[in-house]
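A look at the structure
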Amino acid sequence: MLGNFKYCNPTKLYFGDESLNYLSDELKNYGKNIVLIYGGGSIKKNGIYDEVINILKKNNKNITEISGVMPNPTVEKLYEGIEIARSANADLLLAVGGGSVIDYAKAVAVSIYCNEDPWDKYFIKFDEPDCKIVPVGCVLTMVGTGSEMNAGSVITNPKQKLKIGHVFQSEEVMPRFAILNPIYTLTLPEYQMVAGIYDIFSHICEQYFSGEDDNTSDYISEGLMRSLIHSSLIAKKNPNDYEARSNIMWTATWALNTLIAKGKSTDWMVHMLGQAVGAITNATHGMTLSAVSLPYYRYIMKYGLNKFVRFAKNVWNIDDTNKSKEEVATEGLNAMEAWMNELGLIMNISKLGATKEMIEDLVNATIILEGGYKLLNKEEIKEIFIKSL
Ligand code: NZQ
Ligand code: ZN
């Protein structure tokens, strides 16, 4: 392991089909004023809303609601939520939903007592909060982002055509507790389930395809990828398979709670490309990643060849007998492509609404990050978007 690092993850997890029972224990740690945050209504249809409300009432809490948090939450919605949470004098923000709802709750949490414009401060200047941060807890209903155990928050500004994620340094931004009941994910439409599965896979890849040293984190990543590939194919055939869905849920959390990034560099370019697509088209997050991944990885393969060979052998079981490194690495990416097709992922940005005319905007919306095997320039980014069309 190279480098020096700190590792601390303060989020307390409750996992399993009875995990909501622990909500009452957690609520005792907070004041009376609970702001319940949720999305467009799925939790009302599947009964999770009623279950949570009953527990809040039994604990004599005052309940204020912020509803209608949309996928890819917007800055306008953020401003609205800050006002509601401020008026409610929130003691706890309880997010019940997927990554969008949890990310949104974190953005509200750092903004309630902030005197500056939160978009400028946190998402343009990437400042850290210097005010009180209201605690966030969550009940997860959609699997993929890892937001339940990290300090990331992604907000979209449609007017500025920007979708920006801030991974806060402060541990106080991370959910204090997260309730992970795999049963809650069974009502997800298949499109969202597979988008989430690819989001998880991409998170692992983006921490795996970097560095040259022998690093424990990469071995953990390979194990997570193998488990995910296995469970995803079972879940695709039978979405009600509890074993597969629970494994996917657990893998998602470990894929992005910073563990597998420890002691190494990371390459978040697929997310930067995908977020640009999301900013312009408002498409589902995981699908924006699947649509740009292969053109990106095929482009950088030659710069990180040894790692792509390792990926082919250790993740996809490619036999390397009498083959060149290029052949093995290529077969690995081909196997990944076959798996993606089997899941029914979106493989082109044109299927998400992107057009040739949007390429310029897409390039401008892409933040270029270091850490991978090849630092891209704008021309290369343009090429990758054209290949993704
Ligand atoms: O809004 P409702 O009605 O609840 O419907 C949601 C939404 O339409 C639905 N859904 C969620 N749980 C459901 C359900 N439908 C039926 N049954 C259930 N149990 O699913 C749709 C998508 O939900 P959303 O929360 O948007 O999905 P996801 O969890 O993929 O979150 C995406 C957001 O997270 C950000 C993305 O950029 C995007 O904005 N990310 C956050 C990260 C982080 N915090 O670290 C990292 C990720 O890479 C990602 O960028
Ligand atoms: Zn993601």
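Residues numbered from 1 in each chain as written. Chains lettered and ligands numbered in written order. Predicted model: local features only at pLDDT ≥ 70, side-chain atom pairs only at ≥ 80, totals over all residues. Heavy atoms only, no water.

Focus on the coordination of the zinc ion (ligand 2)
Note on metal geometry: ideal angles are 109.5 degrees for four donors arranged tetrahedrally and 90 or 180 degrees for six donors arranged octahedrally. As a reminder, the rule being used: Keep in mind that water is not among the atoms, so a site may look incomplete; donors are the N, O and S atoms within 2.8 Å of the metal, or 3.2 Å for Na, K and Ca. Segments assigned H or I by DSSP are reported as helices when at least four residues long, segments assigned E as strands when at least two residues long, and all are numbered from the N terminus. A simple rule labels every residue: compare its accessible area, found with a 1.4 Å probe on the protein chains alone, to the largest value its type can have, and call it buried under 20%, exposed over 50%, or partly exposed in between.
The protein atoms that coordinate the zinc ion (ligand 2) are Asp199 (OD), His203 (NE2), His271 (NE2) and His285 (NE2), at distances spanning 2.0 to 2.2 Å. Positions of the donor residues of the zinc ion (ligand 2) along the chain correspond to the pattern D-x3-H-x67-H-x13-H. Pair noted here: His271 is in helix H10 (residues 269-281) and His285 is in helix H11 (residues 285-300), with a separation of 14 residues, a long-range link. Comparing His271 with His285 shows no difference in burial state: the two are buried.

Points about the site of ligand 1
For clarity, the cut-off: Only a single heavy atom is needed: when it lies within 4 Å of a molecule or strand, its residue is near that molecule or strand. In protein, a polar contact means a hydrogen-donor-capable atom and an acceptor-capable atom, both N or O and within 3.5 Å, with residues adjacent in sequence counting only if both atoms are side-chain atoms; elsewhere, any N or O pair within 3.5 Å suffices. Accessibility throughout is a Shrake-Rupley quantity obtained with a 1.4 Å probe, and a residue counts as covered only by protein chains that appear here. Residue classes follow a fixed rule: Ala, Val, Leu, Ile, Met, Phe, Trp, Tyr, Cys and Pro count as nonpolar, while Asp, Glu, Lys and Arg count as charged, and any other residue, Gly among them, counts as polar.
Around ligand 1, 30 residues are found, and the nearest of them are Gly40, Ser42, Gly99, Ser100 and His271. Within the backbone of Gly99, one N or O atom sits 2.7 Å away from an oxygen atom of ligand 1. Contact distances for ligand 1 include 3.0 Å between an oxygen atom and a side-chain N or O atom of His285. Relative to its unbound accessible surface of 960 Å², ligand 1 loses 89% to contact with the protein. When contributions to the shell around ligand 1 are tallied by element, the ones reaching two or more residues are helix H5 (99-109), strand S6 (152-157) and helix H7 (190-208). Tallied by class, the residues present in the shell around ligand 1 amount to eight nonpolar, 19 polar and three charged.

Side note on the sheet that holds strand S3 (residues 62-66)
Hydrogen bonds between backbone groups are what pair the strands of a sheet, and the pairing can be parallel or antiparallel. Inclusion rule: A strand pair is defined by DSSP finding two or more bridges across the two strands. For helices, the axis comes from a line fit to the C-alpha atoms of the stretch in contact; other axes are also lines fit to C-alpha atoms, and the angle between any two N-to-C directions lies between 0 and 180 degrees. When checking whether two residues touch, look at their non-hydrogen atoms; a contact exists if any pair is within 4.5 Å.
Taken in spatial order, the six strands make up an open sheet running S1-S8-S5-S4-S2-S3, and their pairing is parallel. Looking at strand neighbours, the two that pair on one side only are strand S1 (12-15) and S3, the edges of this open sheet. Along the sheet, successive strands turn relative to each other by an average axial angle of 20 degrees, direction set aside. Strand contacts of helix H4 (residues 75-87): strand S2 (33-38), S3 and strand S4 (92-97), with the helix running at about 165 degrees to S3, the strand carrying the most contacts.

Overview of the packing of H10 against H11
Inclusion rule: Here the word oblique covers every angle except those under 35 degrees (roughly parallel), over 145 (roughly antiparallel) and from 65 to 115 (roughly perpendicular). Crossings are assigned a handedness: left-handed for a near helix turned anticlockwise from the far helix by less than a right angle, right-handed for a clockwise turn.
The geometry of H10 relative to H11 is characterised by a closest axis approach of 8 Å and an angle of 130 degrees between their N-to-C directions. On the basis of the axis angle, H10 is oblique to H11. Seen from above, H10 lies across H11 with right-handed handedness. Across the interface between the two elements, Met269, Val270, His271, Leu273, Gly274, Val277 and Gly278 of H10 pack against His285, Thr288, Leu289, Val292, Ser293, Tyr296 and Tyr297 of H11. Of the residues contributing to the contact of H10 with H11, the split by class is eight nonpolar, six polar and no charged.

Topic: unusual backbone geometry
Its identity as a non-glycine residue notwithstanding, Asn60 has a phi of 55 degrees, on the positive side. Inspection of the secondary structure assignment puts Asn60 in the loop between helix H3 (48-58) and S3. A relative accessible area of 53% means that Asn60 is categorised as exposed. We note that Asn72 has phi near 60 degrees; this positive angle belongs to a residue other than glycine. Inspection of the secondary structure assignment puts Asn72 in the loop between S3 and H4. Residue Asn72 is classed as buried on the basis of its relative accessible area, which comes to 8%.

Overview of the nonpolar core
Stated precisely, the cut-off is as follows: Only buried residues count toward a nonpolar core, which is a set of Ala, Val, Leu, Ile, Met, Phe, Trp, Tyr and Cys residues joined through side-chain atoms within 4.5 Å.
Within the largest apolar cluster, 108 residues are counted, with the highest numbers of intra-cluster contacts made by Leu93, Phe201, Tyr297, Phe311, Met336 and Phe385. Of the residues forming this core, the biggest block, 10 residues, is contributed by H7. The contacts of Met336, once residues within four sequence positions are left out, are Tyr198, Phe201, Leu294, Tyr297, Phe311 and Trp316. The next biggest cluster of nonpolar side chains, apart from the first, holds 22 residues, and it includes Leu23, Ile34, Leu36 and Leu56.

So, the pattern of salt bridges
Defined as follows: Salt bridges are identified by distance alone: a Lys or Arg side-chain nitrogen within 4 Å of an Asp or Glu carboxyl oxygen.
Following the criterion strictly, the structure yields 15 salt bridges and no others. A salt bridge links Lys6 to Glu171, with the shortest nitrogen-to-oxygen separation between them at 3.4 Å. Highlighted residues: Lys6 in the segment before S1 and Glu171 in the loop between strand S7 (162-167) and strand S8 (177-180), separated in sequence by 165 residues. Relative accessible area serves as the criterion here: at 60%, Lys6 is assigned to the exposed category. In this structure, Lys323 engages Glu331 in a salt bridge whose closest nitrogen and oxygen atoms are separated by 3.3 Å.

A closer look at the packing of aromatic side chains
Applied cut-off: Aromatic rings from Phe, Tyr and Trp, with only the six-membered ring used for Trp, were paired whenever their centres fell within 6.5 Å, and each pair was classed as stacked if the ring planes differed by under 30 degrees, edge-to-face if by over 60, and tilted otherwise. Two conditions define a charge sitting above a ring: the NZ of Lys or the CZ of Arg must be within 6 Å of the ring centre, and it must be within 35 degrees of the ring normal.
The final tally for this structure, using the stated rule, is 22 aromatic pairs. On the basis of an interplanar angle of 70 degrees and a centroid distance of 5.6 Å, the ring pair of Trp250 and Trp254 is categorised as edge-to-face. Here Trp250 and its partner Trp254 are both found in helix H9 (residues 242-255), four residues apart, which amounts to about one turn of the helix. Trp250 gets classed as partly exposed once you look at its relative accessible area, which sits at 36%. In this structure an aromatic cluster arises from ring pairing among Tyr198, Phe201, Tyr208, Phe209, Tyr296, Tyr297, Phe308, Phe311, Trp316 and Trp339. Sitting over the face of the ring of Tyr299, Lys302 holds its NZ or CZ atom 5.3 Å from the ring centroid. The ring of Tyr219 carries the charged tip of Arg310 above its face, separated from the ring centre by 4.6 Å.

Focus on H7
Keep this limit in mind: How far a helix is expected to stretch is found by multiplying one less than its residue total by 1.5 Å.
If you check H7, its first and last C-alpha atoms are 27 Å apart, about what 19 residues at 1.5 Å a residue would give, namely 27 Å. Buried residues dominate H7, accounting for 16 of its 19 residues.

Side note on the environment of Thr281
Note that Thr281 resides in helix H10. Among the residues examined, Thr281 registers a relative accessible area of 19% and is labelled buried. Each C-alpha atom of the pair Thr281 and Ile229 lies 28 Å from the other, and the pair is 52 residues apart in sequence. Beyond its immediate sequence surroundings of up to four residues, Thr281 is in contact with Leu352, Gly353 and Ala354. At 3.2 Å, the side chain of Thr281 and the backbone nitrogen of Ala283 are in polar contact.

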